[in-house]
Amino acid sequence: MEAVATLITEWQSTRAELAELERAEHPDIVDRFGRTWTWKGRSDTYRHCGTACPVGMINDFGLPTQRALDNPNYELCDVCIDGRTRNVPDCKPEWNCSHTTH
């Protein structure tokens with residue numbers, strides 16, 4: 001049993017090192033709005049505020065629409081909100097929401 005535990009520990013360590021190398025090969029990208037897109041871990045897919053797309057499409061994305069701002073399911077950063085008002089209902093404590101209204 002100890003041999004299996006050792007193999008698992010070695011595999012986890014090796015996988016962590018590989019993940020670090022992969023991450024280093026995919027630096028964060030800052031678009032024209034100042035949003036930071038981070039590598040999602042699959043091919044050339046990057047992610048920002050819940051949106052994921054190939055690296056070649058990042059500059060095609062504008063700021064979220066008002067409809068997206070009003071959707072409480074989106075957790076948006078200050079750059080995406082861009083000083084606009086979010087018309088989302090106040091959360092009730094029992095909802096356990098992670099977003100905040102602005």
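Up top you'll find the structure we're talking about.
Residues numbered from 1 in each chain as written. Predicted model: local features only at pLDDT ≥ 70, side-chain atom pairs only at ≥ 80, totals over all residues. Heavy atoms only, no water.

Take the overall build of the protein next. The helix and strand tally for the protein stands at 3 helices and 4 strands. Starting at the N terminus, the α and β elements of the protein follow one another as α-β-β-β-β-α-α. A compact globule built from 102 residues should have a C-alpha radius of gyration of about 13 Å, whereas the protein, at 19 Å, is more than 25% larger. With respect to the three principal axes, the spread of C-alpha positions in the protein is 55 × 40 × 15 Å. Looking at the protein as a whole, 20% of its 102 residues qualify as buried. Long-range contacts, defined here as pairs at least 24 residues apart, represent 25% of the contacts in the protein between residues at least 6 apart. As presented, the protein carries roughly 7,400 Å² of accessible surface, and 53% of it is formed by carbon and sulfur atoms. Each charge sign in the protein was given a centre, from 11 positive and 16 negative side chains, and these centres are 9 Å apart. (Helix = DSSP H or I, 4+ residues; strand = E, 2+ residues; numbered from the N terminus. Rg over C-alpha atoms; globule rule 2.2 N^0.38 Å. Buried < 20%, exposed > 50% of the residue type's maximum accessible area, 1.4 Å probe, protein only. Contact = heavy atoms within 4.5 Å. Areas by Shrake-Rupley, 256 points an atom, 1.4 Å probe, with all protein chains shown as cover. Lys, Arg positive; Asp, Glu negative; His and termini not counted. Charge placed at Lys NZ, Arg CZ, Asp CG, Glu CD.)

Moving on, we come to the sheet that holds strand E4 (residues 51-54). Hydrogen bonds between backbone groups are what pair the strands of a sheet, and the pairing can be parallel or antiparallel. Judged by pairing direction, the sheet is antiparallel, and its 4 strands sit side by side in the order E1-E2-E3-E4 without closing on themselves. Here the strands that pair on one side only, and so sit at the sheet edges, are strand E1 (29-30) and E4. Here 2 bridges tie E1 to strand E2 (residues 36-39), and the two strands are oriented antiparallel to one another. When the bridges of E2 are listed, Val 30 appears paired with Thr 36. (Pairing = 2+ DSSP bridges.)

Before going further, it helps to spend a moment on the side chain of His 48. Assignment of secondary structure puts His 48 in strand E3 (residues 45-48). The class of His 48 is buried, set by a relative accessible area of 10%. There is a polar contact of 2.9 Å between the side chain of His 48 and the backbone oxygen of Thr 36. Contact partners of His 48, with chain neighbours within four places excluded, come to Arg 35, Thr 36, Trp 37, Cys 77 and Cys 80. (Polar contact = N/O pair within 3.5 Å; in protein donor to acceptor, adjacent residues only side chain to side chain.)

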